[in-house]
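# Report on the structure
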Amino acid sequence: MTSPTIGVFALQGDVREHVQALEALGVRAVTVRREEELDRVDGLVIPGGESTTMIKLADVFGVADAFRRRIADGLPVFGTCAGMIMLADRLVDGAEGQTTFGGLDVTVRRNAFGRQVDSFEADVDFTTFDGPVHAVFIRAPWVEEAGPGVEVLAAVPVGPGAAAGTTDRAADRIVAVRQGSVLATSFHPEVGDDLRLHRLFLDLVTT
Ligand code: GLN
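For the structure given in this document, a descriptive report is provided here. What you are looking at is a predicted structure, and each value in this text was computed from that prediction instead of being measured.

Rules and cut-offs
Residues numbered from 1 in each chain as written. Predicted model: local features only at pLDDT ≥ 70, side-chain atom pairs only at ≥ 80, totals over all residues. Heavy atoms only, no water. Helix = DSSP H or I, 4+ residues; strand = E, 2+ residues; numbered from the N terminus. Rg over C-alpha atoms; globule rule 2.2 N^0.38 Å. Buried < 20%, exposed > 50% of the residue type's maximum accessible area, 1.4 Å probe, protein only. Contact = heavy atoms within 4.5 Å. Lys, Arg positive; Asp, Glu negative; His and termini not counted. Charge placed at Lys NZ, Arg CZ, Asp CG, Glu CD. Core = buried A, V, L, I, M, F, W, Y, C linked by side-chain atoms within 4.5 Å. Near = heavy atom within 4 Å. Polar contact = N/O pair within 3.5 Å; in protein donor to acceptor, adjacent residues only side chain to side chain. Areas by Shrake-Rupley, 256 points an atom, 1.4 Å probe, with all protein chains shown as cover. Arc of directions from axis to C-beta.

### Details of the overall build of the protein chain
For the protein chain, the helix and strand inventory stands at seven helices and 12 strands. Taken over the C-alpha trace, the protein chain has a radius of gyration of 16 Å; the compact-globule value for 207 residues is 17 Å, and the two agree within 12%. Overall, the protein chain is about 50 × 40 × 30 Å in size when its C-alpha atoms are taken along their principal axes. Relative to its 207 residues, the protein chain shows a buried fraction of 49%. The contacts of the protein chain with a sequence gap of at least 6 include a subset with a gap of at least 24, amounting to 66%. A gap of 4 Å separates the mean positions of the 19 positive and 30 negative side-chain charges of the protein chain.

### Overview of the nonpolar core
Within the largest apolar cluster, 36 residues are counted, with the highest numbers of intra-cluster contacts made by V124, F126 and F137. Ranked by the residues each element gives to this core, the list is headed by helix α7 (residues 196-206), at six residues. Aside from chain neighbours lying at most four places away, what touches F137 is F113, D118, S119, F120, A122, V124, V156, V175, S186 and F187. Formed by 33 residues, the second largest nonpolar core is a distinct cluster that contains L11, V41, A58 and V106.

### Let's talk about the side chain of S186
For S186, the position within the fold is in the loop between β12 (182-185) and α7. Exposure remark for S186: the relative accessible area of 0% places this residue in the buried category. Apart from residues lying up to four places away in sequence, S186 is in contact with C81, M84, F137, A140, P141, W142, I174 and V175.

### Description of the site of the ligand
Close to the ligand lie G48, G49, E50, S51, C81, A82, I85, R110, N111, I138, R139 and H188, which account for all nearby residues. Between a nitrogen atom of the ligand and a side-chain N or O atom of N111, the distance comes to 2.6 Å. At 2.9 Å, a side-chain N or O of H188 approaches a nitrogen atom of the ligand. For the ligand, the accessible surface in isolation is 300 Å², of which the surrounding protein chains cover 95%.

### A closer look at helix α3 (residues 51-60)
Three or more residues of α3 are buried, namely S51, T52, M54, I55 and A58. All buried residues of α3 fall inside an arc of 165° around its axis, so they share one side. Turned more than 90 degrees off the buried face of α3, the exposed positions are K56 and V60. Buried residues along α3 sit in contact with β1 (5-9), β3 (43-46), α4 (64-72) and α5 (82-87). The positive-phi residue at the C-terminal boundary of α3 is G62, with phi of around 70°.

Printed below as a string of structure tokens:
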């Protein structure tokens, strides 16, 4: 593939940050709200924002099934925070009746980190990168359970052990996963100038 065109789901969320990150990597980034726009992209990013609003608007505009179909058909997708929720096949603590696009064989817990740590930043080690990723979590979800085809790329310690600075591996929570060409993070790699996750996604699109 010559330089791919990447769409950013743009019904709601921090669309501009993703467009900027993709453009910084030299690819064409376009916003996607309609089915015709979805048909023209080689990969799709679903940003952080509010998943309940995203699915509501996708339903209202009649595009939810088009997104579901394209993702199920193998369109490479990268979901961040609310975007991870949108990709979950199973959801815990969703709003009443909340549905998703699916595509990722995981159970995602929405707003998982709880009140006291609503938002936080952490240096997160990845299996795929040399140095840690400085990650911004905002009312973030985590992956509660991952299917056999899902590769865990990163996890963070939570709970009393974590607060005391110890690492209780049993309490680690999964915050980044990959299944084929579907990538998802609990946090916002589009915030800041570390482009490694976007680059990893582009590798999944082009290989
Ligand atoms: N809690 C939000 C949701 O349910 C996600 C937050 C975010 O994307 N920063 O969609």
